[in-house]
Amino acid sequence: MVALLIYWGAHEGGYQPTTWMPSALLVLGLLVAAAIGIGFDRMRLSRPALIAAGALAAYTAWSYLSILWADSPGDALQGSDRTLLFLLLFVLFALLPWRLWTAQLTLSLFALGIGVLAIVTLLRLDDAADVVGIFTDGRLTAPVGYVNGAAALFNIGALTAIGLGSRRELPWWARGPLLAGATAALCVAVLCESRGWLFTLPMVALLAVALVPGRVRLALWSLPPLAGTALALPALLDVFSRFDSPPDPAVQRAELIDAAAHALHVALPLIGGVLVVATVLALLDGRAHVPARVSGGANRVAAGLAIVGLIGAVGVGLAATDFRPDQKIADYWDRSSGYQTTDPGASRFGAVGSNRPDFWRVSLKAFRDHPIGGLGQDNWSRFYLLDRRSGEQPKWTHSLELRLLAHTGIVGFLLFAAFLGAVLAAALRGRRPRTVALETSAAAAIAALPLVVWLVHGSLDWFWEFPALSGPAFAFAGLATALMRPAPAPAAAATPAAATPAAVAPADAAGPTGDAPTSVPARDRAARRPLVLALTGAAALAAVVAALALALPWAAERETTSASADWIQDPGKALGQLDRAESLNPLSARASLTEGVIELELGRPQQAEAAFRQAIERDSGDWFAHFGAGLAAAAAGDETAARADYAAAHALNPDDPLVDEALRRVGTSRPLSYTEAFTRLRQDVQNLTGSG
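Residues numbered from 1 in each chain as written. Predicted model: local features only at pLDDT ≥ 70, side-chain atom pairs only at ≥ 80, totals over all residues. Heavy atoms only, no water.

Novice: Give a detailed account of the side chain of Asp 285, specifying residues and quantitative values.
Specialist: Looking at the element boundaries, Asp 285 is found in helix α12 (residues 249-287). What Asp 285 contacts, discounting residues up to four positions off in sequence, is Arg 168, Arg 175, Arg 217 and Trp 221. (Helix = DSSP H or I, 4+ residues; strand = E, 2+ residues; numbered from the N terminus. Contact = heavy atoms within 4.5 Å.)

Here is the structure:
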C-alpha cells in the first residue's frame, strides 16, 4: 500500500481514471485478503473506528444513490467509485492488526518515499528540457501536474517526516534521513509558489503541535528542516522571479533553466547538511535523559506560549485591520474576483486574486437549490457554466466543504462530518490518562497529520480528486483509529464474569498493538457460527458488487482511452473499442462523444451526428454533445438541426464565445467547421471528451 501511495504521487497524483480505477481493484483485493486472513472471529474495531467506517460507508452509498438524480449519471458513477476507493483504504488500514513498530515503519516508509520523490524532482531541475515541461508560468507542477496539489503532497510528506523524526523511540539512524527528506519536500513545495499552501501552513503547523504529544520536542526537531529550507529560500524564490521578469519568451525560458539549476545546486548541499546534523543530534538524543517532570513542564510552558502567541496574533490582526476584519475580508474578496498580475520579478506569494470566490458562490447556490441530495456526485461543473461570472470552466468546487454540500447535499455533508468526528475522537483518545502508551498515542497523532493537511488546505482547493492526497489522508486515518484501541484487561485481573460471551470479545477488546484477546470457548464459537456465516456471505456479496462497480467502468475507460489515442492508425479497431465501452458502461456518454469526434475527423458527418445523438440520450446536459451534434449537422448541410443543437449548447453553456460564434455563423457563407472548432478549442480528441 505504501508503494501504491508513492506511485500515485509520481503519476499525476493518481488523477487519471486509468490510474486510480485499477488501483481501487488492488485495494479491494488486499482488503478481501486481509479479511480472510484475520477472520471474522478475530476482527476487532474500536467504537470510533466502527462509527467512522459506518459513516463513510453510508456516505459512499449515498454517493451511489445520487446517480438517480444526477444530470450526468456517468460522472456520478465515476465519482462514487472514487469515493469507494477511499472507503476501502480506510477500512483496510483500520482493520489491520497494527503494532507500534509496524505503524512507525509504515509511516516512515511513506515519509521517506515522499522525500525520495522530492529529491528526484529536484534532480530534474538540472535537465534543461525537463525543466520546461515541469514548470508552468514559472511554478513547479511536477509530479502531480497541479501546483497546489504538488505543494500539498510534499507538505504531507514533510509534516509526517518531522513528526516521526522528533520521536526518540525511532532508531537514530532513521531520524536523520527522515528530516533530510522533510527538507527536500519543503524545498520542492516552495518551488510550487502555492499561495494556498503558504496561507494554510501556519494553521497546519498549529494543529500539528496541538495534536502530537511532546510539543516542545516536535517544535525543536522541526528546526533543522526549516533552517535548511530557509537557507535555500532565496534561490528557490528566484526561479519564479527570474522567469517572470523578462517579457521575451526565449529569455524567460533561458532564465527559468538557469535559475532552476542554481536552486538545485543550492538545495542539495543543504539537504545533505541537514542529514548529517540531524543524524548526529538523533544519536545524542538517544543517549540523553530528560526527567518526565522537566519535559512535562516544558510542554505546559510551550502550550502557554502558543496560547499567548495566538492571542497576540489575533490582537495584531485586529489592529492591522483597524478592528474591522469584516471590511478587510470583504475588500480582499472583491480584489480576489479574478486573477491579478504582479509586478515583474515579484514573488507569486505576494499576489492576490483568483476566481475561487465565484466558484464558491455558485457552489452555495447549488446547495441552496438542491439542499437535501445535492447535484449528484461530480456533477457541479455543468451547474457552474449556467451561472458563472468568470471565463473559466472548472470541473471542481475548490473547497472540500462546498464540494460535500454541492455534490451530495446536507445528508452527505453530515455523514462525512460524522466520519471526521469519529476519526478525531479516536486520534485524541490516547490523551486520556492510562488509555494507551504515549508512544502509541504519538504514532496515531502523526498518522492523522495527512488528514489535517488534506482538510485545512483542501478547504481552499480541490484535493479530493487526487488519490495521492486523499489516499494517505484516509488510509492513515484508519491506522490512527486502529492504534487507539484500548488495551485488554490483564489476564490476572480477569473475573468469572469475563468468561461470558458478552465479555470475551467486546468491540474494544483488541489492544493498541492490534493483538486479539484470548481464544473464544468452543461452545461460544459454535453459537456465533450462524452470525459469522451471515456476515461472511454479506461481505462476499458486497465485495463482488464493489468489484463490478469498479471493473466495468475501468474496462470502458481503457477502451475509450485506447480508441482516442490510436484511432488514426486503425479507425475500425477504435470504433469497435468504443462500441464495447458503450456496452460496459451504459451510464456514461464518453465513448459516444469520442466516437462522434472520430467520425467527424474521418469526414463522416452522418455517423458523427448519430454518435452525438446517442451521447445526448445518455447525458442530455452535456453542452459539448449538443455542440458536436451541431458541427455534424452543419457539415451534413442541415442548417435547421445545426441551429437547434447550437441553441441547446448555448443554453447549457451561455458564456462560451465559440458556441455563440457557431450560432451566429449558421446559414452564412462561412459556417463554423469542425476543423476550425477543434483548432480553436486547442485540445485533442481525448481532452474534448473530458478525459484529459
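Resuming the write-up.
Novice: Explain the packing of helix α5 (residues 100-123) against helix α18 (residues 438-447) to me, and be specific about the residues and the numbers.
Specialist: Two packed helices can be described by the angle between their axes and the distance between those axes. At a minimum axis distance of 10 Å, the contact between α5 and α18 shows a crossing angle of 30°. Looking at the two axes, α5 sits roughly parallel to α18. Of the two elements, α5 crosses α18, and the hand of that crossing is left-handed. Counted together, Leu 100, Gln 104 and Leu 107 of α5 and Glu 439, Thr 440, Ala 443, Ile 446 and Ala 447 of α18 form the full contact between these two elements. A breakdown of the residues in the contact of α5 with α18 according to their chemical character gives 5 nonpolar, 2 polar and 1 charged. (Axes fitted to C-alpha atoms, helices over the stretch in contact; angles between N-to-C directions. Parallel < 35°, antiparallel > 145°, perpendicular 65-115°, else oblique. Left-handed = near helix turned anticlockwise from the far one by under 90°. Nonpolar A, V, L, I, M, F, W, Y, C, P; charged D, E, K, R; others polar.)

Novice: Tell me about the side chain of His 407, and please be specific about residues and values.
Specialist: Checked against the element boundaries, His 407 lands in helix α17 (residues 400-427). Within the structure, the side chain of His 407 is placed 2.9 Å from the backbone nitrogen of Asp 378, a separation counted as a polar contact. (Polar contact = N/O pair within 3.5 Å; in protein donor to acceptor, adjacent residues only side chain to side chain.)

Novice: Which residues make up the pattern of salt bridges, and what values do they have?
Specialist: Counted according to the given criterion, the structure contains 25 salt bridges. Put simply, Arg 368 and Asp 369 hold a salt bridge, and the shortest N to O gap is 3.5 Å. With its nearest N and O atoms 3.0 Å apart, the salt bridge here joins Arg 680 to Glu 661. Linking Arg 680 in helix α29 (residues 674-681) with Glu 661 in helix α28 (residues 657-664), this pair joins segments that are 19 residues apart in sequence. The buried category is assigned to Glu 661, whose relative accessible area is 15%. (Salt bridge = Lys/Arg side-chain N within 4 Å of Asp/Glu carboxyl O. Buried < 20%, exposed > 50% of the residue type's maximum accessible area, 1.4 Å probe, protein only.)

Novice: For the environment of Leu 414, give the residues involved together with the corresponding values.
Specialist: Mapped onto the secondary structure, Leu 414 falls in helix α17. Using a relative accessible area of 51% as the deciding quantity, one classes Leu 414 as exposed. Each C-alpha atom, one on Leu 414 and one on Ala 55, is 9.0 Å from the other, the two residues being 359 residues apart in sequence.

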